[in-house]
Amino acid sequence: MSTTETTTGTTTRATQRAVRPLHTGWSLRSTAGPVPPEIAAVDVPATVPGTVHTDLLAAGLIVDPYLDANEHLLAWIGQADWSYATTFDWRPDGQDRHELVFAGLDTVATVLLNGEVVAETRNQHRTYRVGVDGRLREGSNDLEVRFGSPVAYADAQSLALGYRPHVNHHPYNAIRKMACSFGWDWGLDTATSGIWKPVTLESWSSVRLASVRPVVTVDGSRGVVDVHVDLERAGASAGAAAESVTVRATVGDVTQEARVEPGADSVVVQVVVDDPELWWPRGHGGQPLYDVTVSVTGGGDGDAGRASSGGDGDGVDGTRASSGDGERAGDVLDEWSSRIGFRTVEVRVEPDEVGTSFTVVMNGEPLWIKGANWIPDDAFPHRIGRDRYRDRIEQAEFGNVNLLRVWGGGIFESDDFYELCDERGMLTWQDFLFACAAYAEEDPLRGEVEAEVRDNVTRLMTHPSLVLWTGNNENIWGHDEWGWERRLDGATWGLGYYLDLLPTLVGELDPGRPYAAGSPWSGSLDVAQSDPDHGSVHLWEQWNRKDYPTYRDVVPRFVAEFGWQGPPTWSAMTRAIHDEPLTPESPGMIVHQKAMQGNDKLTDGLLAHYRLPDEIEAWHWAMQLNQANAVQVALEHFRSHAPRCRGAVVWQINDCWPVTSWAAVDGDGQRKPLLYAMRHAFADRLVTIQPRDGGLAVVVVNDTEEALAGPLTVRRVAYDGRVLASEQVSLTVAARDTVTVPVPPAVAAFGAPESELLVASVDGVSRGLWFPVEPRDSALAAASLSTSVTALVEGSGYRVEVTAGSLVRDLALLVDKVDPAATVDEMLVTLLPGEAAVFTVASEVVGVGKEFVTQRVLRTANELVG
Ligand code: BMA
């Protein structure tokens, strides 16, 4: 027997333990609730892992919830009860124990085996191991999982636990289920049910590795791995006549082992790797990963040479090498493997001359975090596979992002996500799953929280990319500043989780990994969570009310969230919404705009900068451009204040369906202009012009290992291209340093602000620009462009050259309008008269070159002025 099965947590090669997936033969039917009669009567083929919605969709029984105004038509699904059923064959295999293992049930589930209830579960975020000894039948077995309506359950629980404030329209805080499953200000309300992760039947004897936690430290030139192993014993191993077993841990090529005597069920094996290669985030070094293997063998001497998996079963009828009379020395009874990295990490939240720092330090090196917030990449998360994660992480890399924060209203992502982040040097930060709400601290919620945290901290603590756990998203801030206190009327609201339970569990299971009580986190309950001098902040007033130049009014220490809305790509928007006419307020568009007063904020946020177009494609471009401009202004400002400011995490990298939102990559996985703005503002080397001390200054940021030296030229240029003033200074910016150079007054003395700009350049770095007036108040004329397009090697794409006859701002090719699968390497380019830009379009569609330079594809800011 040598079943290979990937389970949550790690890759588990079953040896003595047999792991059998139960993913076939499932069907689904409704059992209660407001189900349309034509669906109520039907047995629907079901996919496991999966969800009710996607099964009904695959069967052609419902419309696609992502399209038009369909969301509302499907609200009944979350109000209904459902039953999944399958059968599987089983023959007695001589093993001591048999367990059904559900890696994830969403959410209000009752599990029946051969008609008998074997488990009741209420938590989407846990793994359930259900003992079924004596309940399996020789031959055919019936397995059923009944799901109760999550809407009804959450409603009932919110009364039972006591009302507590939350955002949006369902009490998601009364159930341990992905909060955004009930809708969010970018998410549709699905209220899913289903077996959303793998389900297996596991059979084992004697001893099982119940949990393995390699705690990694770097001590001078030694990499120390304390492998904490918990065992579960069964059969003879649990009895009086049991023999000892041997736990063997290998890291790289170093192996250590320990004997575990009968009666004991845990051990720590220390493995020391001399001079380990250090793991670094991208932009700072490489990502060496070390294989870790842990095995448990029968007998005390543990001679690996004699290890055998014993038997040649098919994974169903696993044969045991050892029988009930104790373990034979050397039999591998269970094995676990994963990968680790050696690095140290701290998040320094400490008093300093300004207030309280928020600095991520890896291997002793303070980092500047170029982050993006991550939400579930699909409203039906079982659909997110490794390739999807890889695409999205590559897009984050394209945006020069070095950290993804997994937001607390979503899920603990699958192992694929964190493994890819480990491989690519993408740092991660994981919120515990509490968002924008107060949470009861009493049972049953408390017990569920503890169990889910134990499961997921144990699963994720191997990952070197993971640098921070946080207690919640916005709940301490919400409690203190959003008027919750009165509504709570003395009820618990979650503080005990954030200050006590969660840090205690992290300390126990994953010691050494930083923990912050919340996001934002000022470092103390005595300091406002919104105080920009202290710790991390979420900056939302600019989007909500104040407009984006006011980002420059605050110099935060760390921004864990801020962002600006824009519509998805045109092709995603028009794939999902078929309104006639299509307008910002047409029926489908309104369903795909979830933010409170979202369209008003889009309009208010645009009008200070551009004119509001009266045609939908121009509106779409204007809002996408304004989104990109807003975030770029903010990021350049934050970076210019390094090291006082130590990072910015853009809200948000991705979407879970096609929707107008803060995302840089839309729900169809396509890059929005914002991603290019992030790429520019997060470049390793940045030249930016910023207001300083009543004047202007060029700030040069060098986030590389090498010093940057060379002349810095600052010019005042008229829109017609004439250089009106120019100065050159010599510049040296040390590695990982920032230098601020005041713009000489003569250069900054604008004669006609509406038709002049400043240009700051350093060889080899993108230039910094400063326009003293907003585009709509400027003399920016219609763009004069000449273009040429050449097809690249057959089927690979096009080279598009654009030459400007006048000042052209923020030139973009919205290539998805020609080919939804096309990408372009650059966007948001500003050209002075006479300058040219070359764009490379990747597209497999042949013969469409000319379409990339039509007016609806080739866009500029100029067209939004005047
Ligand atoms: C913050 C986030 C999310 C939300 C975003 C945009 O509150 O934590 O809850 O989607 O702002 O409003």
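What this report covers is the structure whose coordinates are included nearby. Being a predicted model, the structure only gives us computed values, none of them experimental. Here the residue index of a chain counts from 1 through its sequence in written order. Residues qualify for local features only when their pLDDT is at least 70, as the model is predicted, and side-chain atom pairs are given and counted only at 80 or more; totals for whole chains, interfaces and linings, by contrast, use all residues. Side-chain measures were taken over the full set of non-hydrogen atoms in the model, leaving aside hydrogen atoms and water.

**Concerning the overall build of the protein**
- Counting its secondary structure elements, the protein contains 18 helices and 44 strands.
- Computed over its C-alpha atoms, the radius of gyration of the protein comes to 29 Å, within 12% of the 29 Å expected for a compact globule of 866 residues.
- With the principal axes as the frame, the protein shows a C-alpha extent of 95 × 70 × 65 Å.
- To sort residues, take the accessible area from a 1.4 Å probe on protein chains only and compare it with the maximum for the residue type: under 20% means buried, over 50% means exposed, and anything in between is partly exposed. Buried residues in the protein amount to 60% of all 866 residues. Secondary structure is summarised from DSSP: a helix means a run of H or I of at least four residues, a strand means a run of E of at least two, and numbering begins at the N terminus for each. Radius of gyration here uses only the C-alpha atoms, and the compact-globule reference equals 2.2 Å multiplied by the residue count raised to the power 0.38.

**Quick look at the environment of A437**
- Here A437 lies in the loop between β25 (427-431) and α8 (445-460).
- The spacing of A437 and W493 is 56 residues in sequence and 8.1 Å in space, taken between C-alpha atoms.
- Whether two residues are in contact is decided by their heavy atoms: any pair within 4.5 Å suffices. Sequence-distant contacts of A437, that is, excluding residues within four places in its chain, are made with P165, H166, Y172, N173, N475 and W484.

**Points about the packing of aromatic side chains**
- Stacked, tilted and edge-to-face pairs are distinguished by plane angle, under 30 degrees for stacked and over 60 for edge-to-face with tilted covering the rest, among Phe, Tyr and Trp rings (Trp via its six-membered ring) whose centres lie within 6.5 Å. Using the criterion set out here, one finds 37 aromatic pairs in the structure.
- With a centroid separation of 6.5 Å and 40° between ring planes, the pair formed by F432 and Y515 is classed as tilted. One end of the pair, F432, is in the loop between β25 and α8; the other, Y515, is in strand β27 (residues 515-516), and 83 residues separate them in sequence.
- Judged by its relative accessible area of 1%, F432 falls in the buried class.

**Some details on the sheet that holds strand β17 (residues 266-274)**
- When DSSP finds two or more bridges between a pair of strands, those strands are recorded as paired. Sheet architecture is open: 3 strands sit in the order β13-β14-β17, paired in antiparallel fashion. Two strands in the sheet have a free side with no partner beyond their single neighbour: β13 (207-219) and β17. When the angles between neighbouring strand axes are averaged without regard to direction, this sheet yields 20°.
- The pairing of β13 with strand β14 (residues 222-233) spans 12 bridges and is classified as antiparallel. Interaxial angle, 0 to 180 degrees, is taken between N-to-C directions of lines fitted to C-alpha atoms, where a helix line uses only the stretch in contact.

**Side note on the site of the ligand**
- A molecule or strand has a residue near it when one of that residue's heavy atoms lies within 4 Å. The local shell around the ligand consists of W184, D185, W186, W407, C436, N473, E474, W540, E561, W651 and W662.
- One nitrogen or oxygen atom from the side chain of W186 is found 2.7 Å from an oxygen atom belonging to the ligand.
- Note that an oxygen atom of the ligand is positioned 3.5 Å from one of the side-chain N or O atoms of W540.
- Under the grouping applied here, Gly and all other residues not named as nonpolar or charged are polar, the nonpolar ones being Ala, Val, Leu, Ile, Met, Phe, Trp, Tyr, Cys and Pro and the charged ones Asp, Glu, Lys and Arg. The class makeup of the residues in the shell around the ligand is 7 nonpolar, 1 polar and 3 charged. Two N or O atoms count as a polar contact when they lie within 3.5 Å, although within protein this holds only if one can serve as hydrogen donor and the other as acceptor, and sequence-adjacent residues are included solely when both atoms are side-chain atoms.

**A short note on unusual backbone geometry**
- Residue P49 follows V48 across a cis peptide bond; omega there is 0°.
- A cis amide bond, omega 10°, links D443 with the succeeding residue P444.
- By the secondary structure assignment, P444 is in the loop between β25 and α8.
- You will see that A191, though not glycine, has its phi angle at about 50°, which is positive.
- Relative to the elements of secondary structure, A191 occurs in the loop between α4 (150-161) and β12 (199-204).
- Looking at A191, the relative accessible area reads 2%, which means it is buried.
- Positive phi outside glycine occurs at N400, with the angle close to 60°.
- In this structure, N400 sits in the loop between α6 (386-398) and β24 (403-406).

**What to know about the pattern of salt bridges**
- For this analysis, a salt bridge means a side-chain nitrogen from Lys or Arg found within 4 Å of a carboxyl oxygen belonging to Asp or Glu. Counting across every chain of the model gives 56 salt bridges.
- R97 serves as the salt-bridge partner of E232, at 3.0 Å between the closest nitrogen and oxygen. Of this pair, E232 sits in strand β14 while R97 sits in strand β7 (residues 97-102), and the two are 135 residues apart along the sequence.
- Overall, R97 belongs to the partly exposed group, its relative accessible area being 23%.
- A salt bridge links E423 to R386; the nearest nitrogen and oxygen atoms lie 3.5 Å apart. One end of the pair, E423, is in helix α7 (residues 415-424); the other, R386, is in helix α6, and 37 residues separate them in sequence.
- Note on E423: relative accessible area 34%, which makes it partly exposed.
- The class of R386 is partly exposed, set by a relative accessible area of 25%.
- Three or more residues joined by partner-sharing salt bridges are found here, namely R17, R97, E99, R129, D133, E202, R208, E232 and D334.

**Brief notes about the pairing of strand β11 (residues 139-147)**
- Looking at chain direction, strand β6 (residues 81-90) and β11 are connected through 9 bridges and run antiparallel. Its bridge partner being in β11, T86 is matched across the sheet by L143.
- As paired strands, strand β8 (residues 109-113) and β11 are joined by 5 bridges and run antiparallel to one another. When the bridges of β11 are listed, A109 appears paired with F147.

**Regarding the packing of α8 against helix α11 (residues 495-509)**
- Interhelical geometry of α8 versus α11 gives an angle of 35° and a closest axis separation of 10 Å. α11 is crossed by α8, and the crossing has right-handed handedness. Contacts from L445, R446, V449, E450, V453, R454, V457 and T458 of α8 reach α11 at Y497, L501, L502, L505, E508 and L509.
- Counted by class, the contact of α8 with α11 contains 9 nonpolar, 1 polar and 4 charged residues. In a left-handed crossing the near helix is turned counterclockwise from the far helix by less than a right angle, and in a right-handed crossing that turn is clockwise.

**With respect to the sheet that holds strand β39 (residues 797-804)**
- The sheet built from 4 strands is open, its strands ordered β38-β39-β43-β41 with antiparallel pairing. Of all strands in the sheet, those with a lone pairing partner are β38 (785-791) and β41 (823-824), marking the two edges.

**So, the side chain of D377**
- Tracing the backbone through its elements, the reader meets D377 in the loop between β23 (369-374) and α6.
- The class of D377 is buried, set by a relative accessible area of 2%.
- In this structure the side chain of D377 is engaged in a polar contact, spanning 2.9 Å, whose partner is the side chain of R388.
- There is a polar contact of 2.9 Å between the side chain of D377 and the side chain of N654.
- Filtering out sequence-adjacent residues up to four positions away, D377 remains in contact with I384, R388, R392, N654, D655 and C656.

**Here we look at the nonpolar core**
- Definition of nonpolar core: a set of buried residues of the types Ala, Val, Leu, Ile, Met, Phe, Trp, Tyr and Cys, connected through side-chain atoms within 4.5 Å. Grouped together as the largest cluster of nonpolar side chains are 176 residues, with contacts concentrated most on L404, F562, L635, F638 and M678.
- Counting residues per element, this core draws most heavily on helix α16 (residues 616-640), which supplies 13 residues.
- Excluding residues that lie within four positions of it along the chain, L404 makes contacts with A372, W374, I393, A396, F417, M426, L427, T428, W429 and I653.
- In this structure, V35, A46, F88 and I195 belong to the second largest nonpolar core, which totals 37 residues.

**Regarding the pairing of strand β15 (residues 245-251)**
- For β15, a buried count of 7 out of 7 residues is recorded, marking the element as mostly surrounded by other parts of the structure.
- Because side chains alternate across β15, one face comprises the buried residues V245, V247, A249 and V251, and the other comprises T246, R248 and T250, equally buried.
- Of the strand pairs in this sheet, β15 and strand β16 (residues 254-260) are connected by 7 bridges, and their pairing is antiparallel. Looking at β16, one finds that V251 is bridged to V254.
- Hairpin remark: β15 followed by β16, antiparallel, with 2 residues in the connecting loop; positive phi at G252, about 60°.
- As paired strands, β15 and strand β18 (residues 290-298) are joined by 7 bridges and run antiparallel to one another. Residue pairing for β18: V245 is matched across the bridge by G298.

Spatial relationships are all this shows, so hold off on functional conclusions.
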